[in-house]
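Understanding the architecture of this molecule
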Amino acid sequence: MWNETEVSRRLKLDAPIIQGPFGSGLSSVDLVTAVSEAGGLGSFGAHHLDGAGIRDIAAQIRARTQRSFALNLWIPHQDSDDPKISDEQWRTAIELLRPWFEDLRVAIPDRPRRFMPPYEEQVETVLEIRPPVFSFVFGAPSEDVLERCRRAGICTLGAATTPDEAKLLADAGVDMVVATGMEAGGHRVSFLREPEDCLTGTLALVPAVADAVKVPVIAAGGIADTRGIAAVLALGASAAQIGTAFLACEESNAAPLHRRMLFSAAARRTSLTRAFTGRLARSIHNEFIEKMRGEEARLPPYPVQGWLTGKLRAAAVAAGRADLISLWSGQAATLLKHRTAAGLMQFLKG
């Protein structure tokens, strides 16, 4: 049976379908529980939350489902946990975005003490609450963290964009590897080389990763229907991770404006850009991306740029300005048909 794989057996799933974790506050308890209750693996992107926030989310999920679910964190990469930027870099970043702050009548924000919660606090909280699955991007946790996961019975999933990254994860003791093709929406999660040098498509990446590691492989990127699932299973994957199709469901925490854009003709064109966060990510192409082209050298590092553009987001959404916000989307958005997680899961399970 196609739905009986090493991943579905180990994670106790009815089908080898994993909902991709969304960053930037796009994950929701409603979506996680809907997917898990339907027999897939619901995932919550928690990298923007502190320890108390992660505990609260896990408690909400456990109050609504007894099925497997995943919490996802971002491993600190390139000084992202607490970036040190000069006053001059901060002023440059503000001046670069000033026209949009003025256009939306948003006050220029003061520089915060930190731009993101400390990773150490986040990972210690995950270990404390012991979710069934701990997934992560931008590298591997420390040897100590992985050993503590094993002792606690937490299954670990790490994302790779190249066979070399996959091998590093497997050699570190990660239980399963998510082979993430360039078609995927949101951030490119490369960590051994710059993401611009790691743009392999899913159909080429999955068999290469499957040949490189002995742990189960989960395929991600450009999968939105049963044809995509069948293709990656045939290429050696043991499960499919689907992001954009779940992001478009009404249960996600994406703004209604974002969800409408995923079903629009605009989703036929996506771009890889650093404009919104300082890290390379795939979004529906819009005016902000266009106007920020050529300004990459002036962008502050992640997460500073993401923190700043996040201050614009609420006002832009309220004004209906899809031209000014990140519209994370993979290249399979043109295949979207379902607007509820239950309907999508029923379709994917066949």
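Reading the values: rules and limits
- Residues numbered from 1 in each chain as written.
- Predicted model: local features only at pLDDT ≥ 70, side-chain atom pairs only at ≥ 80, totals over all residues.
- Heavy atoms only, no water.
- Helix = DSSP H or I, 4+ residues; strand = E, 2+ residues; numbered from the N terminus.
- Rg over C-alpha atoms; globule rule 2.2 N^0.38 Å.
- Buried < 20%, exposed > 50% of the residue type's maximum accessible area, 1.4 Å probe, protein only.
- Contact = heavy atoms within 4.5 Å.
- Areas by Shrake-Rupley, 256 points an atom, 1.4 Å probe, with all protein chains shown as cover.
- Lys, Arg positive; Asp, Glu negative; His and termini not counted.
- Charge placed at Lys NZ, Arg CZ, Asp CG, Glu CD.
- Expected span 1.5 Å × (residues − 1).
- Arc of directions from axis to C-beta.
- Pairing = 2+ DSSP bridges.
- Axes fitted to C-alpha atoms, helices over the stretch in contact; angles between N-to-C directions.

Moving on: the overall build of the protein chain. The helix and strand tally for the protein chain stands at 14 helices and 11 strands. For 350 residues, the compact-globule estimate of 2.2 N^0.38 gives 20 Å, and the protein chain sits close to it at 19 Å. The proportion of buried residues among the 350 residues of the protein chain is 58%. Within the protein chain, contacts between residues separated by at least 24 positions form 68% of all contacts whose residues are at least 6 apart in sequence. Here the protein chain has roughly 14400 Å² of accessible surface; of this, 48% comes from carbon and sulfur atoms. Side-chain charges of the protein chain comprise 39 positive and 40 negative groups, with the mean position of each set lying 4 Å from the other.

In an α-helix, one full turn covers 3.6 residues, which means residues spaced three or four apart are oriented alike. Here helix α3 (residues 51-64) is 14 residues long and its end C-alpha atoms lie 20 Å apart, about the 20 Å a rise of 1.5 Å per residue gives. When α3 is considered as a whole, its buried residues turn out to be G51, G53, I54, I57, A58 and I61. Along α3, the residues classed as buried sweep out an arc of 160° about the axis, all on the same side. The exposed residues of α3 that point more than 90 degrees off its buried face are A52 and A63. Where the residues of α3 are buried, they touch α2 (29-37), β2 (42-45), β3 (69-74) and α5 (119-129).

The antiparallel open sheet is built from 3 strands, whose spatial order is β7-β11-β10. Bordering the open sheet on either side are β7 (186-187) and β10 (270-273), each of which pairs with just one other strand. Relative to strand β11 (residues 281-284), β10 runs antiparallel, the two being bridged by 4 bridges. Within the sheet, the bridge partner assigned to T270 lies in β11 and is I284.

Now for the sheet that holds strand β8 (residues 217-220). One open sheet accounts for 8 strands, arranged β1-β9-β8-β6-β5-β4-β3-β2; its pairing is parallel. Because the sheet does not close on itself, it has two edges, and the strands there are β1 (17-19) and β2. Adjacent strand axes in the sheet meet at a mean angle of 25°, parallel and antiparallel pairs treated alike. Sheet topology places β2 next to β3; 4 bridges connect them, and they run parallel. Bridge pairing in β3 places F44 opposite L71. Its contacts with the sheet put α2 on β1, β2 and β3, and the angle it makes with β2 is roughly 160°. On top of the sheet, helix α9 (residues 226-234) reaches β1, β8 and β9 (239-242); it is set at about 135° to β9, its chief contact.

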